[in-house]
Amino acid sequence: MSAPLRQGELAEATVVPVALGERAYDIAIGRGLLASLGARIKALRPGAKCAIVTDATVARHHLAAAEASLTAAGIASARVVVPPGEGSKSYATFQQVCEQIIAARIERGDLIVALGGGVIGDLAGFAAASVRRGLDYVQVPTTLLAQVDSSVGGKTGIDSPLGKNLIGAFHQPILVVADTALLDTLPKRDFRAGYAEVAKYGLLGDAAFFAWLEKNWQGVFSGEQSAGNLAREHAIAVCCRAKASIVARDERETGERALLNLGHTFGHALEAATGFSDRLFHGEGVSIGMTLAAQFSAKLGMIGDADAARLERHLIEAGLPTRLQDIAGFAQEGLADADALMALMAQDKKVERGRLTFILLEAVGRAVVVKNVEPAPVRDFLKDKLAQKA
Ligand SMILES: NC(=O)c1ccc[n+]([C@@H]2O[C@H](COP(=O)([O-])OP(=O)(O)OC[C@H]3O[C@@H](n4cnc5c(N)ncnc54)[C@H](O)[C@@H]3O)[C@@H](O)[C@H]2O)c1
Ligand SMILES: [Zn+2]
């Protein structure tokens, strides 16, 4: 049975194209779009079956609606539900997901649907890249971080016991459906952490967007659409446009795509120092990392102190941590040790032959990739920061 798109379903979506030639796809953004998922899939791949990969928390909130949308479009689907959390980006869970996809008789021409945050997107995307040497997949991101970042651009993968995201593949989805209403059930702390990535897009390449966020961030958080206020949808669309154009120019991160790592060299070291635990969410590490990158840029004379202070002020206003001292248990173990943090930064994937690469700021709204950064000034800078009062 074919279920034509109902009037309004497409009209309410903002569509951002990702121009990657034969791997091009659309990102559809809007409140309530999950209801149109089945019709959108049917339009792209008539006759395809689906396996929905999700986590138990997202399943509780949104799996029934996703399945109903597929059923309404006459699409058969199986479900693969994994435990929530970063721990699912493991060899063991990856194996289970692949086996369940195969057992559900998902074949070439069928689809994987990744319904969840960045963990599910990365895990399901990597399973899609691997089963039968590559199945098509659709991203249905359910966290703010996933809607503005991880669901777009085709980086998929799992963690090795030796480090995050070390096993993976580039595999682009054929469609991204970002239903902004799904974020209403997201815990506030997760939303805030994702917001750090939203602010990142303003800082790295769009001064006007950063200024807009300074005025409108509360509307992004509330998601209210009264009086034509579409702040959340607007912000997500701006981020997706920015990411789509960077990815279209540098799909495999040989250059410009590295700008998206603003705040991430410091941030990843902090995440590692806190054991990738609930003490510090990824976006919280990025928030502190961006503040440090701005302050380090100021120390090098690339931006003024006032610019660094402006960035920090906005992140604080949005409820994000910006200082090393904001991390729970900061004074303990390796965290308060500049050499330990330097060692963690040296393990980052982006390190080339022992030299650090940093994304630094030339202005609010203009980031640059700086390779071959000498470790000594970074260590001194961190020592200064660590010496500050809590
Ligand atoms: N592929 C990329 O380009 C890329 C980019 C950035 C981050 N990542 C990866 O993304 C992951 C982090 O993603 P994340 O922050 O979305 O984490 P996540 O997927 O673990 O989601 C965070 C938590 O929110 C819950 N959740 C998700 N959606 C919900 C909803 N709508 N309502 C209620 N609860 C919900 C999840 O169950 C989980 O407990 C990391 O593994 C990171 O490496 C990938
Ligand atoms: Zn990030």
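Below: a short report on this structure. (Residues numbered from 1 in each chain as written. Chains lettered and ligands numbered in written order. Predicted model: local features only at pLDDT ≥ 70, side-chain atom pairs only at ≥ 80, totals over all residues. Heavy atoms only, no water.)

### Let's talk about the overall build of the chain
Scanning the chain for helices and strands turns up 13 helices and eleven strands. What you see for the chain is a C-alpha radius of gyration of 21 Å, in line with the 21 Å of a compact globule of 390 residues. Projected onto its principal axes, the C-alpha coordinates of the chain cover approximately 65 × 50 × 40 Å. Every one of the 390 residues in the chain was classed for burial, and the buried ones make up 55%. Surface summary for the chain: the accessible area is close to 16,000 Å², and the carbon and sulfur share equals 53%. When the 42 positive and 43 negative side-chain charges of the chain are each reduced to one mean point, those points stand 2 Å apart. (Helix = DSSP H or I, 4+ residues; strand = E, 2+ residues; numbered from the N terminus. Rg over C-alpha atoms; globule rule 2.2 N^0.38 Å. Buried < 20%, exposed > 50% of the residue type's maximum accessible area, 1.4 Å probe, protein only. Areas by Shrake-Rupley, 256 points an atom, 1.4 Å probe, with all protein chains shown as cover. Lys, Arg positive; Asp, Glu negative; His and termini not counted. Charge placed at Lys NZ, Arg CZ, Asp CG, Glu CD.)

### Overview of the site of ligand 1
As a matter of local geometry, ligand 1 sits amid 26 residues, with Asp-55, Glu-86, Thr-142, Thr-143 and Thr-185 nearest to it. Within the backbone of Leu-182, one N or O atom sits 2.9 Å away from a nitrogen atom of ligand 1. Looking at the shell around ligand 1, the elements that each hand over two or more residues are helix 2 (56–72), helix 4 (118–130), helix 5 (144–150) and strand 8 (163–170). It is helix 2 that contributes the most residues to the shell around ligand 1, four residues altogether. Of the residues in the shell around ligand 1, the class split is seven nonpolar, ten polar and nine charged. (Near = heavy atom within 4 Å. Polar contact = N/O pair within 3.5 Å; in protein donor to acceptor, adjacent residues only side chain to side chain. Nonpolar A, V, L, I, M, F, W, Y, C, P; charged D, E, K, R; others polar.)

### Remarks on empty space enclosed by the protein
Tallied over the entire structure, the rule returns two cavities of 30 Å³ or more. Taken as a whole, the largest cavity spans an internal volume of roughly 50 Å³. If you trace the largest cavity, you find it lined by Leu-292, Gln-295, Thr-322, Arg-323, Leu-324, Gln-325, Lys-385 and Gln-388. Looking at the lining of the largest cavity, its residues break down into two nonpolar, four polar and two charged. Considered as a void within the structure, the second largest cavity measures approximately 30 Å³ in volume. Taken together, Phe-266, Ala-269, Leu-270, Leu-292, Leu-324, Leu-341, Met-345 and Leu-382 make up the full set of residues lining the second largest cavity. Counting residues per element, the lining of the second largest cavity draws most heavily on helix 9 (residues 264–273), at three residues. By residue class, the composition of the lining of the second largest cavity is eight nonpolar, no polar and no charged. (1 Å grid on protein atoms, 1.4 Å probe; cavity = no way out; pocket = protein on both sides within 12 Å on 5 of 7 lines; lining within 4 Å. Points joined across faces, edges and corners; volume = space filled by probe spheres on them.)

### Here we look at the coordination of the zinc ion (ligand 2)
Every protein donor of the zinc ion (ligand 2) is accounted for by Glu-197 (OE), His-264 (NE2) and His-282 (NE2), and the metal-donor separations fall at 2.0 to 2.1 Å. His-282 sits in the partly exposed class, given a relative accessible area of 22%. (Donors = N, O, S within 2.8 Å, 3.2 Å for Na, K, Ca; no water.)

### Considerations on the nonpolar core
In terms of nonpolar packing, the biggest core is built from 79 residues, with Tyr-195, Val-198, Met-345 and Val-378 touching the most fellow members. Element by element, the count of residues in this core is highest for helix 8 (residues 231–249), at ten residues. Setting aside residues no more than four positions away along its own chain, Val-198 makes contact with Leu-144, Val-148, Phe-209, Leu-213, Ala-235 and Cys-239. Listed in part, the 25 residues of the second largest apolar core include Ala-48, Ile-52, Leu-63 and Leu-70. (Core = buried A, V, L, I, M, F, W, Y, C linked by side-chain atoms within 4.5 Å. Contact = heavy atoms within 4.5 Å.)

### Re the packing of aromatic side chains
According to the stated counting rule, one finds nine aromatic pairs in the structure shown. For the pair Tyr-195 and Phe-221, a centre-to-centre distance of 5.1 Å together with 55° between the ring planes defines the contact as tilted. You can see Tyr-195 sitting in helix 6 (residues 188–205) and its partner Phe-221 sitting in helix 7 (residues 207–222), a full 26 residues away along the chain. A relative accessible area of 0% places Tyr-195 in the buried class. Ring plane angle 40° and centroid distance 5.0 Å describe the contact between Phe-266 and Phe-358, whose orientation is recorded as tilted. One end of the pair, Phe-266, is in helix 9; the other, Phe-358, is in strand 10 (residues 356–363), with 92 residues separating them in the sequence. Through a chain of ring-to-ring contacts, three or more aromatic side chains come together here, namely Phe-191, Tyr-195, Trp-217 and Phe-221. We note Arg-189 situated over the ring of Phe-281; from NZ or CZ to the ring centre the distance is 3.8 Å. Its guanidinium or amino end placed over the ring of Tyr-201, Lys-200 lies 5.3 Å from that ring's centre, counting from NZ or CZ. (Phe/Tyr/Trp six-rings, centres within 6.5 Å; stacked < 30°, edge-to-face > 60°. Lys NZ or Arg CZ within 6 Å of the ring centre and 35° of its normal.)

### Regarding the environment of Ile-102
With respect to the secondary-structure elements, Ile-102 resides in helix 3 (residues 91–103). Each C-alpha atom of the pair Ile-102 and Gly-285 lies 37 Å from the other, and the pair is 183 residues apart in sequence. Sequence-distant contacts of Ile-102, that is, excluding residues within four places in its chain, are made with Val-131 and Arg-132.

### Observations concerning the packing of helix 10 (residues 282–299) against helix 11 (residues 305–317)
At their nearest, the axes of helix 10 and helix 11 sit 8 Å apart, and the two run at 170° to each other. Classed by the angle they form, the pair helix 10 and helix 11 counts as roughly antiparallel. Contact with helix 10, carried on its side by Ser-287, Met-290, Thr-291, Ala-294, Gln-295 and Ala-298, involves Asp-305, Ala-308, Leu-311, Glu-312 and Leu-315 of helix 11 and no other residues of that element. Across the contact of helix 10 with helix 11, the residue classes break down as six nonpolar, three polar and two charged. (Axes fitted to C-alpha atoms, helices over the stretch in contact; angles between N-to-C directions. Parallel < 35°, antiparallel > 145°, perpendicular 65-115°, else oblique.)

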